[in-house]
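Next come the chains, spelled out residue by residue.
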Amino acid sequence: LQYSWSFGDGTEAPGDVVAHVYLDEGEYVAVVTVEDDAGGSMVSERAVTVRNVPPTAAAISASSTAAVDEAISFSGAATDPGDDTLTWSWDFGDGTAAQAGVDVDAVQHAFAIPGEYTVILTVDDGDGGSDTQAHRVTVSGLESDGPTSTGSGSGSGCAAAPGPISSARWLLRR
């Protein structure tokens, strides 16, 4: 007996036992044709539904600490079994607009305010599959002497005006 397979995606294979990997999601019809030495043949077909396999985002590569306004380089990596074109979206967690687009696997960002930020990378394959990775960044600021009140007075000292502080002055040192 001779076996001939057609998998519905443009690939074919001979043999009574075969394995096949579909590279993209979709609806396919797999057909096997069996021929004997007397010239007889039989054809059998089966519908195959292949669901999308989402991409896999790898850990984000970047520094975990920075100073205010210091540019940090972030880079990511991802794989997609369907070899789909991936869209990358970087959310820096600080309220600024996310950076997104095709092949945006490396970006730079500077944080304007000290604090703890969670940077989220989302990779989308355009077929309903996505994956995310997170990276924590601690941004340090400049030290201050704290607020001082402004007011007026006489003599050797200065008395603040009564009530809430209406203005503050920060002395910043590096």
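Throughout what follows, the structure given in this document is the object of discussion.

Conventions used here
Residues numbered from 1 in each chain as written. Predicted model: local features only at pLDDT ≥ 70, side-chain atom pairs only at ≥ 80, totals over all residues. Heavy atoms only, no water. Core = buried A, V, L, I, M, F, W, Y, C linked by side-chain atoms within 4.5 Å. Buried < 20%, exposed > 50% of the residue type's maximum accessible area, 1.4 Å probe, protein only. Helix = DSSP H or I, 4+ residues; strand = E, 2+ residues; numbered from the N terminus. Phe/Tyr/Trp six-rings, centres within 6.5 Å; stacked < 30°, edge-to-face > 60°. Pairing = 2+ DSSP bridges. Axes fitted to C-alpha atoms, helices over the stretch in contact; angles between N-to-C directions. Salt bridge = Lys/Arg side-chain N within 4 Å of Asp/Glu carboxyl O.

1. Some thoughts on the nonpolar core
Formed by 18 residues in total, the largest nonpolar core has its most connected members in Phe 74, Trp 88, Trp 90, Phe 92, Phe 111, Val 119 and Val 137. Contributing elements (two or more residues each) for this core: β7 (72-75), β9 (87-91), β12 (115-124) and β13 (130-140). Among the elements that take part in this core, β12 stands out by supplying 4 residues, more than any other. In this structure, Phe 7, Ala 13, Ala 30 and Val 50 belong to the second largest nonpolar core, which totals 6 residues.

2. Quick word on the packing of aromatic side chains
This model, assessed by the stated rule, comprises 5 aromatic pairs. Grouping aromatic residues by their ring pairs yields a cluster made of Phe 74, Trp 90 and Phe 92.

3. Things to note about the environment of Gly 39
Looking at the secondary structure, you find Gly 39 in the loop between β3 (26-35) and β4 (41-50). A relative accessible area of 63% places Gly 39 in the exposed class. It is 10.0 Å that separates the C-alpha atoms of Gly 39 and Leu 1, two residues lying 38 residues apart in sequence.

4. Let's talk about the sheet that holds β4
Pairing between the strands of a sheet is mediated by backbone hydrogen bonds and can be parallel or antiparallel. Spatial ordering of the open sheet is given by β2-β1-β3-β4, a layout of 4 strands whose pairing is antiparallel. Since the sheet does not close on itself, it has two edges, and those belong to β2 (12-14) and β4, each with one partner. The sheet shows a mean angle of 15° between the axes of neighbouring strands, taken without regard to direction.

5. Describing the pattern of salt bridges
Under the definition given, this model contains 1 salt bridge. The residue Glu 116 makes a salt bridge to Arg 136 at a minimum N-O spacing of 3.7 Å. In this pair, Glu 116 sits in strand β12 while Arg 136 sits in strand β13, placing the two residues 20 residues apart along the sequence. Glu 116 sits in the partly exposed class, given a relative accessible area of 44%.

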